[in-house]
Every structure is written in structure tokens, then in C-alpha cells.
Amino acid sequence: MTTVPAATDRTVTAERRELGLFLRSRRERIRPDEVGFAPGGRRRTPGLRREEVALLAGVGVTWYTWLEQGRDINVSSQVLDAIATALRFDRQERIHLYRLAGSRSGPAPGACSALPPSAQKTLDAVSPYPAVVLNKRYDILAFNEAYCRVVIDLEKVPVEDRNLLWLNFVSDEWNCTFVDGESTRHHMVAAFRAASADHLGDPLWQDLIQSLLRISPYFTELWERYDVAAPSTRTKMLEIDGFGILKMDPINLWLSPAGPLRATVYTALDDETEAKLRQIVDAPSAKPAFRHS
């Protein structure tokens, strides 16, 4: 991150000091276990450590520390949004963050990436259908128990790895096998490339792309095709040991007009799949013996 000389204007200095205090207060209200960090260890202050916020936001620890100390450093709207997401800001908190940082950008009406409070209730209500909330970068922002049982157990995935694109090319902990997995991954990469056109200078997007290029030759192969596509609504065929094939019909629900968040609900395409879903999701204790993809 680029630093600039300390500001001499008292208003700016006061705003930066207020910004640092605001960030610290928001950081201290979040329990480590709420965002996937171990609650143990000696902590001098409640809530998250600075390095944990930096990790969740995808920014440097030193840079975030300077920001919280009130130093006058340059900060982009993309980074502000990443910090707001890491600290679970609601819309008003995001607006306040942008004002204190002196940014003229900010969440546009109806396009805020903060998750509506009712989203989790909606996901839970559609069980036994697996459901997940994604942003355009394929970050997983919310999910229901059915998704954990049928697709992949996100409770066991560290928060920083909860990205559907990343998991598709890196993780081997899937509960199911996609019958047409190659086509599914191809389409996902094409949709991701199409969405990335609006984020060419965004360090969070670029970091994800570069990490995938380093670790996954298959992602590299698909990425270098330069194919583009819209988010998929094609029928998904999932195979689970002991249950056979599940035919799933996904539906995308946009959570705000022209907004970046969508809830994808995987509904049963036939009665047989419906019955299998209820068996898997309503199991009272141990989960079925799933096949890893």
C-alpha cells in the first residue's frame, strides 16, 4: 500500500483518528470463533486481532495497523469494502466507514454487498434444498445445513477459504461428485472471467486469480481460454455414495436490484431426488459416507 505525508488539516486528522477508533470498536465486538478462528490462546483485548482482520480482508497487517492507528494513508474503495465485509458491517456502518476515510465512493442504493439479516432465515427455510449466498467473486457469504450435508461441509472450511471457485479447484473434501464436473468447472471459470471485467484493478480479485493460477494447472488451462458466460442455471447431476444420482435444478435469487449478491437454491428435479434429499438432510446423527470428488 502507498503512504502519503501526514495531513496538516485538523479535520482530516480528526477523521482519521475517529476512523481508527471506529475500526477498533467493530473489531473487538466479533468473537474469533464467529469467523472461523480458534478462540483459544492469550488475547490482550476482546474480539479479533488486527492480523486476523487483515487476513479476512486480504490486506497487509502493517497497512491495516496504520489505518487503525489513524495514519493518513491512501485507501481504495475496494479495500474499504473488503474491511467492511471482514468486520460484518451493515449498510449504515459501511457508509460511515467511507465518510471517515474521506472516500467519495461507497455502496450505491440497492447495491450494497452487506448481507440482509433475513438471508440466513431464508436459506434455513428452504431445507432440504441446499442453498448458498455468493457474491460475484464466488465468496460464500451464507449457507444452510442442507448444503453442508449434500455438497460440502463449509463448517469445516476456514473462513478465508470459503470461495466456491477456490474449493472447486483445490479442495478434495466434497460430499458429492458432480457427474459433469468438467463442464461445471469450465462454466464457472467463464462466468468468473466475465464478472472480473469490472474488477481488473481490484487486489482481492487479482489475488484469487493469481493464487489459482499458481496452484491449479486445470484452472490455468480454463482461464487461458478466455471464455465468458453468465451464472449457470443448468441442471446439476450429483452422485453420493449410498444414494446414487441426485438431479438438482438450481435457481438464482438476486438479493437486491442490480446487486452483487445472489442466493442459489438447488431444488429437486424429481420426486426420487426429493426423497433422497430428505433422507440425507433429516438424518438425526452421523452424516452418510460420502465420496470425495
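Residues numbered from 1 in each chain as written. Predicted model: local features only at pLDDT ≥ 70, side-chain atom pairs only at ≥ 80, totals over all residues. Heavy atoms only, no water.

**Student:** Sorry, what's going on with helix 4 (residues 77-86) here?
**Tutor:** An α-helical segment advances 3.6 residues per turn. Residues three or four places apart therefore align on the same side. For helix 4, every residue scored as buried is listed here: Val79, Leu80, Ala82, Ile83, Ala84 and Ala86. Count one or two residues on from helix 4 and you reach Arg88, which has phi positive near 60 degrees. (Buried < 20%, exposed > 50% of the residue type's maximum accessible area, 1.4 Å probe, protein only. Helix = DSSP H or I, 4+ residues; strand = E, 2+ residues; numbered from the N terminus.)

**Student:** Explain a nonpolar patch on the surface to me, please; I cannot follow it from the model alone.
**Tutor:** On the surface, Leu115, Leu141 and Leu255 cluster together into a nonpolar patch covering about 190 Å² of accessible area. Structurally, Leu115 is set in the loop between helix 5 (91-100) and helix 6 (119-125). (Patch = residues over 30% accessible without salt bridge, like charges linked within 9 Å, V, L, I, M, F, W, Y side chains within 5 Å. Areas by Shrake-Rupley, 256 points an atom, 1.4 Å probe, with all protein chains shown as cover. Salt bridge = Lys/Arg side-chain N within 4 Å of Asp/Glu carboxyl O.)

**Student:** Please explain the sheet that holds strand 1 (residues 131-134) as it appears in this structure.
**Tutor:** Consider a sheet: its strands pair through backbone hydrogen bonds, and that pairing is either parallel or antiparallel. The strand order across the open sheet built from six strands is 2-1-6-5-4-3, with neighbouring strands paired in antiparallel fashion. Since the sheet does not close on itself, it has two edges, and those belong to strand 2 (140-143) and strand 3 (177-178), each with one partner. Where strand 1 lies against strand 6 (residues 262-268), four bridges are found, and the strand directions are antiparallel. Of the residues in strand 6, the one forming a bridge with Val133 is Ala263. Together, strand 4 (236-240), strand 5 (244-254) and strand 6 form the strand contacts of helix 12 (residues 271-281), whose direction differs from that of strand 5 by roughly 90 degrees. (Pairing = 2+ DSSP bridges. Contact = heavy atoms within 4.5 Å. Axes fitted to C-alpha atoms, helices over the stretch in contact; angles between N-to-C directions.)

**Student:** Please clarify how the packing of aromatic side chains should be interpreted in this entry.
**Tutor:** The description of an aromatic ring pair uses the distance of the two centres, along with the angle that the planes make with each other. Inspection of every chain in the model, using the stated rule, returns nine aromatic pairs. Taking 6.5 Å as the distance between ring centres and 50 degrees as the angle between the ring planes, the aromatic pair formed by Tyr138 and Phe192 counts as tilted. With Tyr138 in the loop between strand 1 and strand 2 and Phe192 in helix 9 (residues 181-196), this pair connects stretches of sequence that are 54 residues apart. Each of the two residues, Tyr138 as well as Phe192, counts as buried. The rings of Tyr138, Phe169, Phe192, Trp205, Tyr218, Phe219 and Trp223 are connected pair by pair, giving a single aromatic cluster. Positioned above the aromatic ring of Trp223, the side-chain terminus of Arg193 is 3.7 Å from the ring centre. In this arrangement the basic side chain of Arg193 is found over the ring face of Tyr226, its NZ or CZ atom lying 4.0 Å from the centre. (Phe/Tyr/Trp six-rings, centres within 6.5 Å; stacked < 30°, edge-to-face > 60°. Lys NZ or Arg CZ within 6 Å of the ring centre and 35° of its normal.)

**Student:** Whenever I open this one, the pairing of strand 2 confuses me. Can you help?
**Tutor:** Looking along a regular strand, one sees the side chains alternate between the two faces of the sheet. Where strand 1 meets strand 2, three bridges bridge the pair, whose relative direction is antiparallel. Its bridge partner being in strand 2, Leu134 is matched across the sheet by Ile140. Turn length for the strand 1-strand 2 hairpin, with the two strands adjacent in sequence and antiparallel, is five residues, and the turn residue Tyr138 shows positive phi of about 70 degrees.

**Student:** Explanation requested: empty space enclosed by the protein in the structure shown.
**Tutor:** Sizing a probe to match a water molecule and rolling it over the atoms shows the empty space that remains. Taken as a whole, this structure holds one cavity of 30 Å³ or more when the rule is applied. Space inside the largest cavity adds up to approximately 280 Å³. If you trace the largest cavity, you find 24 residues lining it, with Leu164, Thr184, Met188, Lys236 and Tyr266 closest to the centre. Those elements that place two or more of their residues in the lining of the largest cavity are helix 7 (145-150), helix 8 (164-170), helix 9, strand 4, strand 5 and strand 6. For the lining of the largest cavity, the per-class residue count stands at 15 nonpolar, six polar and three charged. (1 Å grid on protein atoms, 1.4 Å probe; cavity = no way out; pocket = protein on both sides within 12 Å on 5 of 7 lines; lining within 4 Å. Points joined across faces, edges and corners; volume = space filled by probe spheres on them. Nonpolar A, V, L, I, M, F, W, Y, C, P; charged D, E, K, R; others polar.)

Everything listed here is a matter of geometry and, on its own, says nothing about what the molecule does.
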